[in-house]
Amino acid sequence: MNCTPVGPAGVLRFEPKAFGDSRGWFHEAWRSSDYSAHGLPKDLVQLNVSRSAKGVVRGLHFQEPKPQGKLVMCLEGQVVDYAVDIRPGSATYGQWWCAELTDENHHQLWVPPGFAHGFEVLSDSCLFAYLMSEVYLPEFDRAIRYDDPTIGIQWKTSSPLLSAKDHAAPLLSEIERY
């Protein structure tokens, strides 16, 4: 498995080796000893899966004061996945990084605790998985507006399909911190 830093702040892209033949392919999506060697927690505690249509933008989401690290992967389809550093006092505060994740490249992105996370669907649909370092706690669920101009993400989707929560999310400068 290859591991490549995507940005200077701990965002990592993993490229598991896939073994394929005429029947399809196989790869290990998680082995704690391999990932912990790159600084990930050994005990990821929750698995989330979502299905989304083309043009959907999910995010930018985070949990505070109990931040979640997320190892994310696209099981079916194609997305561009984004991580935004929102750690107060960080030298890279407000900066973003992205990686294309597809069912063909098998890449995974590690979004460390203290980062907001989002993705946009480029294929007709996508099946997306998240391995979480902290359980979801609805009372700490937060979001930042996907098109915050101070963050400046260059989304590929010009008219995104958003949830009501994401549509009403505040700017990074407007969020209250714990």
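For the structure itself, consult the block above.
All residue numbers refer to position in the chain's written sequence, counted from 1. Note on the predicted model: pLDDT of at least 70 is required for a residue's local features to be given, and 80 or more for side-chain atom pairs to be given and counted; whole-chain, interface and lining totals, by contrast, use all residues. By convention in this description, side-chain values take in all heavy atoms of the structure and omit both hydrogens and water.

## Things to note about the overall build of the protein
Item 1. Secondary structure elements are defined from DSSP: runs of H or I of at least 4 residues count as helices, runs of E of at least 2 residues count as strands, and each element is numbered from the N terminus. When helices and strands are counted, the protein shows 2 helices and 13 strands.
Item 2. Against the 2.2 N^0.38 benchmark of 16 Å for 178 residues, the protein shows a C-alpha radius of gyration of 16 Å, consistent with a compact globule.
Item 3. The principal-axis extents of the C-alpha atoms in the protein amount to approximately 50 × 35 × 30 Å.
Item 4. Relative to its full complement of 178 residues, the protein shows a buried share of 47%.
Item 5. When the accessible surface of the protein is summed, it comes to about 8,900 Å², and 51% of that surface belongs to carbon and sulfur atoms.
Item 6. Side chains of the protein carry 16 positive and 22 negative charges; the gap between the two charge centres is 2 Å. Atoms counted for the radius of gyration: C-alpha only. Globule rule: 2.2 Å times residue count to the power 0.38. Any residue under 20% of the maximum accessible area for its type is buried, any over 50% is exposed, and the rest in between are partly exposed; the area is computed with a 1.4 Å probe on protein chains only. We get accessible surface area from the Shrake-Rupley algorithm with a probe of 1.4 Å; when it comes to residues, only the shown protein chains can shield them. Counted as positive: Lys and Arg. Counted as negative: Asp and Glu. His and the chain ends are not counted at all. Taken as the charge location is NZ of Lys, CZ of Arg, CG of Asp or CD of Glu.

## Looking at the pairing of strand 11 (residues 115–121)
Item 1. For strand 11, the buried fraction is high: 7 of the 7 residues fall into the buried class.
Item 2. When DSSP finds at least two bridges between two strands, those strands are taken to pair. Note that strand 6 (residues 57–63) and strand 11 share 4 bridges and pair antiparallel. Pairing of R58 across the sheet is with F119, part of strand 11.
Item 3. When strand 8 (residues 78–85) meets strand 11, the two strands line up antiparallel, connected through 7 bridges. Bridged to A83 within strand 11 is H117.

## Let's talk about the sheet that holds strand 13 (residues 141–143)
Item 1. Overall, antiparallel pairing links the 5 strands, which are arranged 9-8-11-6-13 in an open sheet. Two strands bound the open sheet, and with one partner strand each, they are strand 9 (96–102) and strand 13. Direction aside, neighbouring strands of the sheet carry axes that sit 25° apart on average. Each axis is a line fitted through C-alpha atoms, taken for helices only over the stretch in contact, and angles between the N-to-C directions span 0 to 180 degrees.

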